[in-house]
Amino acid sequence: MSPTSPIRVRFAPSPTGIFHVGGARSALFNWVMAAQSGGTLVLRIEDTDASRNSPEWTEGIIRALAWLGMDGEQYEGPYFQSANADRHAEAVQTLKDQGRAYYCDCAREAVLARTREQPRGYDGFCRDRGLEPGPGRALRFRTPDDGQTTVVDLLRGKPTFENAVLDDFVIARADGSVTFLLANAVDDMSQGITHVVRGDEHLSNAPRQQLLWEALGGEPPVWAHVPVIVNEKRQKLSKRRDKVALEAYRDEGYLAEAMRNYLMLLGWAPSGDREIVPWDVVVDEFRIEDVNTSPAFFDEKKLRAFNGEYIRALPLQKFIAECLPFLQDAPFDVDVAVFAELAPLAQTRVALLSEIVQMIDFAFLDEPPSDEQSWNKAMKEPAAAILAAAEAAYQDAPWNAAELKDRLERVGAEHGLKLGKTQAPVRVAVTGRTVGLPLFESLEILGRDRTVARIAAARARLAAQA
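My aim in this report is to walk through the structure given alongside it, one point at a time. Along each chain, residue indices are assigned from 1 in the same order as the chain's sequence is written. Note on the predicted model: pLDDT of at least 70 is required for a residue's local features to be given, and 80 or more for side-chain atom pairs to be given and counted; whole-chain, interface and lining totals, by contrast, use all residues. To obtain the side-chain values, all non-hydrogen atoms of the structure were used and water was disregarded.

Quick word on helix 6 (residues 206–215)
Because each turn of an α-helix spans 3.6 residues, side chains separated by three or four positions in sequence point in the same direction. Per-residue accessibility, obtained with a 1.4 Å probe over protein chains only, is compared with the maximum for each type, and a residue is labelled buried under 20%, exposed over 50%, and partly exposed between these values. Under the scheme used here, helices are H or I runs from DSSP no shorter than 4 residues and strands are E runs no shorter than 2 residues, and both carry numbers assigned from the N terminus. Taking burial as the measure, the 10 residues of helix 6 include 9 buried ones, the bulk of the element. Where helix 6 ends, the next residue or the one after it, G217, has phi of about 85°, a positive value.

So, in structure tokens, the structure goes:
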């Protein structure tokens with residue numbers, strides 16, 4: 001593909017209730033290819049399956065694309081496959097009139113019984129029976145008995161398929177509805193699609209669709225079948241087993257920029273020893289021909305690390321704005337002004353925006369959150385003595401982080417402890433957990449009264465346990 005030649009690429013998802021991360025990657029690949037050539041990305045919703053045709057699901061696709069950065073300005077459409085039903089019917093009639101399609105009434109069980117030892121899935125039993133349309137009769141495309149079909153694929157060269165092993169596949173069901181293979185070919189032709197980028201599980205469909213294009217008088221598109229995405233066990237990602245919904249990652253607090261960057265790396269890499277790169281670099285450097293054909297591992301731990309890097313790179317006010325939707329759903333009221341003070345401390349520590357709630361809850365609850373594991377770990381001897389000394393030291397201390405740290409260091413020195421050991425019971429007494437924001441900056445924001453009261457309450461609890 002020449003990066004300067006305008007092209008028309010299509011992204012054609014089916015409404016399934018979720019937007020699969022594999023589909024998101026294909027959408028991004030298509031988007032970048034179109035942008036590089038000054039071409040057009042066409043969005044087409046494959047909605048002809050009535051059992052999976054829900055307006056809410058379609059809206060979910062559009063919202064997911066918009067979150068990734070593809071709103072209506074970045075694509076043509078959305079078109080709906082169901083709106084092209086008349087063209088589908090015309091194509092069916094054309095193929096029937098040409099003798100390229102015939103009706104078949106074979107039950108699946110009968111076909112399996114006849115073809116168990118044959119390479120083809122269907123044996124052409126009804127080819128010359130001259131059946132007319134009727135109940136239980138599907139329309140099959142008559143594939144050539146000999147010769148080859150060559151698919152031009154930007155990743156895989158020119159894979160060639162023997163026509164003899166391609167069965168006569170169904171193009172229209174007994175109820176008259178057309179199948180995916182025919183509808184896609186007709187829609188691509190009518191919309192002038194020049195390039196198709198999709199998962200390599202569809203590679204086996206390419207010769208069949210190409211035969212349909214040729215039978216209908218069209219020039220097949222250039223294909224690019226990108227590698228399958230697998231989990232840590234090298235199994236293809238499955239919505240029944242794996243977390244594959246883009247919406248789930250969005251709702252956990254992944255940034256669109258981080259997800260977009262990471263998905264582009266599933267099979268491709270930018271120049272140099274780097275992975276986190278600006279989007280304009282991706283658009284400039286990406287070439288579909290450079291995508292690796294090996295399965296791509298979806299590493300959620302790596303994605304999480306990416307997200308942390310992107311969060312840390314946000315301007316502070318942008319970070320605050322990104323956190324607010326998560327805080328609005330928190331089980332406590334948030335004073336935005338106080339959160340703005342805590343935000344610089346939290347920004348370097350969260351990897352997901354959803355983690356912000358647990359990171360700062362101590363500042364907005366009447367009492368610190370209860371975490372028995374943290375309590376049991378930190379409240380060992382000499383915790384009671386440290387808390388008593390800290391309470392006394394903080395009664396008249398100048399209320400700033402540096403002085404609070406200095407006073408607690410002196411408390412620790414009196415007990416022969418380093419600061420890390422000394423601050424553990426104070427941290428749990430005030431914040432409820434052993435891990436969290438920088439302690440002394442947090443105490444400064446929380447204020448003297450609340451800090452001292454929480455230390456006193458922890459002392460009382462320890463005394464009651466003694």
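Observations concerning the side chain of D47
By secondary structure assignment, the location of D47 is in the loop between strand 2 (40–45) and helix 2 (55–68). By the counting rule applied here, Lys and Arg register as positive and Asp and Glu as negative, while His and the ends of each chain are not counted. We define a salt bridge as a side-chain nitrogen of Lys or Arg found within 4 Å of a carboxyl oxygen belonging to Asp or Glu. Comment: no salt bridge for buried D47; closest opposite-charge side chain is R44, at 8.2 Å. Polar contacts, as used here, are pairs of N or O atoms within 3.5 Å; protein pairs need one atom able to donate a hydrogen and one able to accept it. Residues neighboring in sequence count only if both atoms are side-chain atoms. Within the local environment of D47, its side chain forms a polar contact with the backbone nitrogen of Q81, the two atoms lying 3.1 Å apart.

Things to note about the sheet that holds strand 4 (residues 101–104)
At least two bridges found by DSSP between two strands is the condition for calling them paired. Here 3 strands make up an open sheet; going across it, the order is 4-5-8 and the pairing antiparallel. Whereas interior strands pair on both sides, the edge strands pair on one side only; in this sheet they are strand 4 and strand 8 (170–172). Along the sheet, successive strands turn relative to each other by an average axial angle of 45°, direction set aside. Here strand 5 (residues 138–141) pairs with strand 8 via 2 bridges, running antiparallel. The residue bridging R140 from the neighbouring strand is V170, located in strand 8. For every element, the axis is a line fit to its C-alpha atoms; helices are fit only across the contacting stretch, and the angle between N-to-C directions ranges from 0 to 180 degrees.

Notes on the layout of surface pockets
Size it by volume and the largest pocket reaches roughly 1,300 Å³. Both site types are read off a 1 Å grid over the protein atoms alone. A 1.4 Å probe that fits but cannot get out defines a cavity, while an open set with protein on both sides within 12 Å along at least five of seven lines defines a pocket; lining residues have an atom within 4 Å of a point. Around the largest pocket sit 43 residues that line it, and P13, S14, T16, E201 and H202 are the ones nearest its centre. Counting only elements with at least two residues in the lining of the largest pocket, the list comes to strand 1 (8–11), helix 1 (21–37), helix 3 (85–97), helix 5 (180–190) and strand 9 (195–199). If you tally residues by element for the lining of the largest pocket, the top one is helix 1, at 4 residues. Polar here means any residue outside two lists: the nonpolar Ala, Val, Leu, Ile, Met, Phe, Trp, Tyr, Cys and Pro, and the charged Asp, Glu, Lys and Arg; Gly therefore counts as polar. Looking at side-chain class alone, the lining of the largest pocket contains 15 nonpolar, 17 polar and 11 charged residues. Grid points are joined across faces, edges and corners, and a volume is the space filled by probe spheres set on the points.

Quick notes on the pattern of salt bridges
As enumerated under the stated definition, the model contains 28 salt bridges in all. Of the charged contacts, one joins R44 and D187 as a salt bridge, the two residues approaching to 3.6 Å between their closest N and O atoms. Residue R44 is found in strand 2, and its partner D187 is found in helix 5; the two are separated by 143 residues along the sequence. Like R44, the residue D187 is buried in the burial classification.

Some remarks on the nonpolar core
Among the buried residues, those of types Ala, Val, Leu, Ile, Met, Phe, Trp, Tyr and Cys that are joined through side-chain atoms within 4.5 Å form a nonpolar core. The biggest cluster of nonpolar side chains holds 52 residues, and the ones touching the most others in it are F19, M70, F286, I288 and F298. Top element by residues in this core is helix 1. It accounts for 9 residues. Apart from residues lying up to four places away in sequence, I288 is in contact with F29, M33, L154, L155, V197, A224 and V226. Contacts are residue-level and defined by heavy atoms, with any inter-residue pair within 4.5 Å sufficient.

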